[in-house]
Amino acid sequence: MSEFELIRDGEQTWDVVVVGGGTAGLSGALNLARVRRSVLVIDKGEPRNAPAAGAHGVLGREGISPLELLRLGREEVASYGGRVASGQVARISRDGAGFWVVTEDGQRVRTRRVLVTTGLVDVLPDVPGLAERWGRDVLHCVYCHGWEVRDKVIGVLGNFHQALLFRQMSKDVTLFLHAGTELTDEQWEQLAALGIGVVDGEATGLEVNGQDQLTGVRLESGTVVPVQELVVAPRFLARAGFLGELGVTMQEHPMGLGEQLRVDASGFTGVRGVWAAGNVSDVLAGVPVAAAAGTTAAAAIHMDLLKADAEASARAAKDGGVFSGAMEAEVSRRVLGSRAHGLGPLPGGN
């Protein structure tokens, strides 16, 4: 049965549907599959970090292509019986104790629990030509790309803290104040002491050479300031619009960097049966952090399902007259006596 047929098969109820097949989603799916949960990952196949040449800070896989990392992850999930299907989820609706997950093309699948790992959207500064170079020589994370741009001529668009971060990687850093960035006297002093140049005026475009390499930032005045790399500060917005029917809560990131799903330490959203992990609930999570969050959420989901299964089994047995707490105690007393539940006579006892 193909993945598409699997989604169309409305008769099967999955233990968990993972919405989003990035690092967090595949990590969660892998750990769920390894404890024999039926798990289906639905993913559109457009990872946020696809333009990047490598994923960094990933122990044992340092510098691996993001697409290769996901390919390996899908293979690992499949090796334990998990399935990965191509598609984009349009909405999720509650169905009793479970959910219906519906894709944009009308396919639907039923599941007991949902793990949301759909990541985020980067809202970039409105500078012509900037978006086209995103993930190449326009970047934002020193931990993701800092080593690769060390000792280059680096421009920072309107963010004092990023200027400090990238000054660690290069002695040639320029902060563009851009759209009215205001600095305190203390920040001015620190920039001067660190040798970070400051350029006033709004950036209106980028200069690129014949080898498709960034060479400068063009100001409103017409002046071009040479740079080889440009650091920007996007606003991060979680991809969570399809969750509208479930009543999840969005919140602003503590540092004011964007909007994310509110979750607890396990990834639980506060909505029964729904967990989230990765950038959708932590806009600053890099690949290792997202993978760890997926693992944590998987463990919480598995425990939640275990409790539900145990409670359902107990109810079914009790309703059938086969089992009750009192009956078990009486049977144990009559059959096992002092050996009930494996307890032998206590030393020195009667």
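Residues numbered from 1 in each chain as written. Predicted model: local features only at pLDDT ≥ 70, side-chain atom pairs only at ≥ 80, totals over all residues. Heavy atoms only, no water.

A. Representation of the nonpolar core. V17, I92, V116, L243, L246 and L261 are the most contacted members of the largest nonpolar core, which totals 24 residues. Those elements giving two or more residues to this core turn out to be strand 1 (13–19), strand 2 (39–43), strand 4 (89–95), strand 5 (98–103), strand 6 (108–116) and strand 19 (274–276). The contact partners of V116, leaving out residues within four places of it in the chain, are V19, F242, L243, L261, V274, W275, A276, A277 and V280. Residues A24, L26, A290 and A297 belong to the second largest nonpolar core, which totals 21 residues. (Core = buried A, V, L, I, M, F, W, Y, C linked by side-chain atoms within 4.5 Å. Buried < 20%, exposed > 50% of the residue type's maximum accessible area, 1.4 Å probe, protein only. Helix = DSSP H or I, 4+ residues; strand = E, 2+ residues; numbered from the N terminus. Contact = heavy atoms within 4.5 Å.)

B. Representation of the sheet that holds strand 15 (residues 229–231) in the model. Spatially, five strands are ordered 8-15-9-10-11 in an open sheet, and the strand pairing comes out parallel. The outermost strands of the open sheet, each flanked by one partner alone, are strand 8 (138–139) and strand 11 (197–199). Strand direction decides the pairing type here: strand 8 and strand 15, joined by two bridges, are parallel. Looking across to strand 15, one finds that V138 is bridged to L230. (Pairing = 2+ DSSP bridges.)

C. Seen up close, the sheet that holds strand 16 (residues 235–238). Spatial ordering of the open sheet is given by 7-16-18-17, a layout of four strands whose pairing is mixed. The outermost strands of the open sheet, each flanked by one partner alone, are strand 7 (120–123) and strand 17 (250–252). Strand-to-strand twist in this sheet, taken as the mean axis angle between neighbours without regard to direction, amounts to 30°. The pairing of strand 17 with strand 18 (residues 258–261) spans three bridges and is antiparallel. Within strand 18, the residue paired with M250 across the bridge is L261. (Axes fitted to C-alpha atoms, helices over the stretch in contact; angles between N-to-C directions.)

D. A look at the pairing of strand 10 (residues 173–176). Because side chains alternate across strand 10, one face comprises the buried residues V173 and L175, and the other comprises T174 and F176, equally buried. Each parallel crossover has a hand, and the one from strand 9 (residues 154–157) via helix 5 (residues 160–167) to strand 10 is right-handed. Here strand 10 pairs with strand 11 via three bridges, running parallel. Counterpart to L175 in the pairing with strand 11 is V198. (Right-handed = clockwise from strand over helix to strand, strands pointing away.)

E. Here's a closer look at the pairing of strand 6. Along strand 6, seven of the nine residues are buried, which leaves the element largely enclosed by surrounding structure. Pairing geometry for strand 1 and strand 6, over six bridges, is parallel. The residue of strand 6 that forms the bridge with V17 is V114. When strand 5 meets strand 6, the two strands line up antiparallel, connected through four bridges. Bridge pairing links F99 to T111 in strand 6.

F. Geometry of the packing of aromatic side chains. Per the counting criterion, the structure on display carries one aromatic pair. Measuring from centroid to centroid gives 5.1 Å for F268 and W275, while their planes differ by 50°, and the two rings are tilted. Lying across the ring of W100, R108 places its NZ or CZ 3.7 Å from the centre. (Phe/Tyr/Trp six-rings, centres within 6.5 Å; stacked < 30°, edge-to-face > 60°. Lys NZ or Arg CZ within 6 Å of the ring centre and 35° of its normal.)

G. Here's a closer look at the side chain of H178. Counting through the fold element by element, H178 comes out in the loop between strand 10 and helix 6 (185–194). Setting aside anything within four residues of it in sequence, one finds H178 in contact with V127, L157, V199, G201, E202 and A203.

H. Representation of the pattern of salt bridges in the model. According to the stated counting rule, one finds 17 salt bridges in the structure shown. Residue D304 pairs with R113 through a salt bridge whose shortest N-O separation is 2.6 Å. A residue pair is termed long-range when its members are at least 10 positions apart, and D304 in helix 7 (residues 287–319) and R113 in strand 6 qualify at 191 residues. Residue D304 is classed as partly exposed on the basis of its relative accessible area, which comes to 28%. A salt bridge links D212 to R133, with the shortest nitrogen-to-oxygen separation between them at 2.9 Å. Here the residue D212 occupies a position in the loop between strand 12 (203–208) and strand 13 (214–219), and R133 occupies one in the loop between strand 7 and strand 8, the gap between them amounting to 79 residues. A relative accessible area of 40% places D212 in the partly exposed class. Residue classification places R133 among the buried positions, given a relative accessible area of 5%. When salt bridges that share partners are traced, they join D15, R37, R112 and D309 into one network. (Salt bridge = Lys/Arg side-chain N within 4 Å of Asp/Glu carboxyl O.)

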